[in-house]
Amino acid sequence: MNIHQLQLPVLLVLIPMFTAFVIPIVAIKKKEFAFPIALAALAAMVFVAFETTRRVVLTGPIDYFMGGWEPPWGIALHIDHLSAIMVCLLAVIGFVVGIYSKRSIQSECPDKVVPFYSIYLLLLAGLTGIVVTGDMFNLYVFLEISSLAGYALIAIGDERAPFSTFRYLIIGTAGACFYLLGVVYLYSVTGTLNMADLARILPDIYESKVVLTAFAFFVVGVAIKMALFPLHGWLPDAYTHAPSAVSALIAPTMTKVSAYVMIRVVFTVFEPVLFLETLPVRVILSWVAAAAIIYGSVVAISQSDIKRMLAFSSVSQVGYIVLGLTMASEAGYIGSILHIINHGVMKGCLFAVAGAFIYRAGVRNIEDFGFLNRKMPLTSLAFAIAALSMIGIPPTAGFFSKWYLILGAVDSEQWVFVGVIMASSLLNAAYFFKVIEHMYLKPQRELRAGEKTHDELKIKEAPLSMLIPILALAAGVLVLGFASYWIVNTLIIPGLPSGLV
Amino acid sequence: MEFLLGHINVFVYVILMMVGFYAMLAKKNLVKKVIGMNVFQWSLILFVVSLGSKRGANIPIVQGFHHGHTEGLVIEAAKYINPLPHVLMLTAIVVGVATTSVALALMLRIYKTYGTLEEDEILKKLK
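Notes on the structure follow. (Residues numbered from 1 in each chain as written. Chains lettered and ligands numbered in written order. Predicted model: local features only at pLDDT ≥ 70, side-chain atom pairs only at ≥ 80, totals over all residues. Heavy atoms only, no water.)

A closer look at the packing of helix α2 (residues 34-59) of chain A against helix α3 (residues 81-108) of chain A
Residue and element names in this part refer to chain A. Between α2 and α3, the least distance of the axes is 9 Å, while the angle of their chain directions is 160°. By the angle class used here, α2 and α3 are roughly antiparallel. When you trace α2 past α3, the crossing you get is left-handed. Contacts between α2 and α3 involve Phe35, Leu39, Leu42, Ala43, Met45, Val46, Ala49, Phe50, Thr53, Val56 and Val57 from the former and His81, Ala84, Val87, Cys88, Ala91, Val92, Gly94, Phe95, Gly98, Ile99 and Lys102 from the latter. Its residues assigned to classes, the contact of α2 with α3 comprises 17 nonpolar, four polar and one charged. (Axes fitted to C-alpha atoms, helices over the stretch in contact; angles between N-to-C directions. Helix = DSSP H or I, 4+ residues; strand = E, 2+ residues; numbered from the N terminus. Parallel < 35°, antiparallel > 145°, perpendicular 65-115°, else oblique. Left-handed = near helix turned anticlockwise from the far one by under 90°. Contact = heavy atoms within 4.5 Å. Nonpolar A, V, L, I, M, F, W, Y, C, P; charged D, E, K, R; others polar.)

Given below as structure tokens:
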């Protein structure tokens, strides 16, 4: 093993974290420096992420011991197939939204460009840290790094953003504390914090009340962080009032990474047996997830603000991911992971388009979208593609993840959940077609006094630095759809956890 | 009673934590919410610190150890407290301080915008 290969995992965290500290120092005099430095770091992250994934696919999971200390004494980084997928998703979304954010941030909060990029990288450092670490406490620290960076990013949004962030902070801290409690409980009975070590020790003591309590704390804590209904209260306000670039970054990444934590805890640290037989968590979670799917979709229909609608749609998508996970079957697991990737890309695209509409036309109310496609044809096309994917129309990516989820539900003969997924697709169609209808078929609504028509406002297509990321994400939705067979076979199936039914 | 005394740290932490949780969720004033959040975090930290300590044990520095002279040195684990929970909580304290400072900064912005820190008054102004 050469030294170059050895350092890859830690670079994933170090690049964004180091750059986050470099940016304010270098850009203190010249604000223009912040963007190129951040972009270079993000590009480097994409390269390292793909290189790591290539090695994981070729040679199997990579272990890295911090400072050469072997676990359980030192902190270990562990990258398996699931981590590799998440790292790629984070790096790509971070890079693409990074390009997009240049114009968007300059128009929404021009005096905060330098701290924005610094915190942006800190957020990515926290998120990649969560997915590469193999240590429970280390995961908590990264969870809090990413959350704190997330609070700061959301708070630079519009006037109402600080209050929404404050609520998110209070509830998010409670979630993180519950997670920490779970870690501490496990430590008190096993004396180790390393995930592989825990997985080895725990099966003997599944009957212990401490272990069961710890499991309950994990599930509740992570459910708060991933905004699983009915603990989703913070999400809609936070996403709505954040700057557009921040919504486009946070919506695809933060809840997904929390979903990753849940998968890690349920399938790696504990065995699926615990969650299937010893504790009835699975039943509760699957019904909660089904409720989340329906609730999110129904509330999204009644929203008139596009960002708020997308936020509620996120609540419902989190439900899909958890539903797939609770099936604890191969198809359900594959559907869950696939939906994490697909939803990341399509929701990133949708929020980016919403940001472009706000940037060019200043509209965020769906009723004001009349004939926007004539002014911004490519942006509208990207929205349509991503929306079709959200509904689940082949050959877009969304179809394949829903297909696997339905397969999982059929396999385990849970017909109710098949119905829930179908019904939710219809509801998705209802609210996305409402937007598409306004955009493509309806003329601009009647103007009130003092308002101008779109022609008078001289609305143009989004600038290239925003248009290219949007189109790249929209193309990504299609590519993920066509490549889903390959993704499932090379990236997901080799990493299937043991003990699935 | 013996059970209660034997697990006094657990009872204290649960009571403190519930006090903090109540303040976080039920209090209308944002400052009180942050104080509640702190009580919540600190109860957890106290609990973990109490897990690491034991009666009659010393700080984890090996006694009777001189440079290079390790012969005949017997280390009895029971004589030393477990330092790991304390070290973990050092990190958790840092996280708690960072969270509090972000919350205070947010409150500053909220106060500048709405001129109040009472949640119900802010909600009224939002409508």
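A short note on the interface of chain A and chain B
Contact with chain A, which involves 30 residues of that partner, is made by 36 residues of chain B. When the two sides are added together, the surface that chain A and chain B hide from each other amounts to roughly 2900 Å², 81% of it contributed by carbon and sulfur. Inspection of the region where chain A meets chain B yields one salt bridge. Where Arg167(A) meets Glu119(B), a salt bridge forms, and the shortest distance between an N and an O atom there is 3.3 Å. Counting every contact that joins chain A to chain B gives three residue pairs in polar contact (both at pLDDT 80 or more). (Buried area = accessible area lost by both parts, 1.4 Å probe. Salt bridge = Lys/Arg side-chain N within 4 Å of Asp/Glu carboxyl O. Polar contact = N/O pair within 3.5 Å; in protein donor to acceptor, adjacent residues only side chain to side chain.)

Brief notes about the pattern of salt bridges
Close approach of charged atoms allows side chains with opposite charge to pair. Residue and element names in this part refer to chain A. Here the structure, examined in full by the defined rule, presents nine salt bridges over all chains. The salt bridge involving glutamate 51 is made with arginine 54; its shortest N-O contact spans 3.1 Å. Here arginine 54 and glutamate 51 lie together in helix α2, a separation of three residues that amounts to about one turn. Residue classification places glutamate 51 among the buried positions, given a relative accessible area of 14%. (Buried < 20%, exposed > 50% of the residue type's maximum accessible area, 1.4 Å probe, protein only.)

Looking at the environment of Ile321(A)
Residues and elements named next belong to chain A. Mapped onto the fold, isoleucine 321 is located in helix α13 (residues 306-327). For isoleucine 321, a relative accessible area of 1% translates into the label buried. Spatially, the C-alpha atoms of isoleucine 321 and leucine 405 are 8.8 Å apart, while their sequence positions differ by 84 residues.

Looking at α13(A)
All names here are of chain A. With 22 residues, α13 should reach 32 Å at 1.5 Å per residue; the first-to-last C-alpha distance of 32 Å fits that figure. The N-cap residue of α13 is aspartate 305: its side-chain oxygen and the backbone nitrogen of lysine 307 are 2.8 Å apart. One or two residues past the end of α13 sits alanine 328, with phi positive at roughly 50°. (Expected span 1.5 Å × (residues − 1).)

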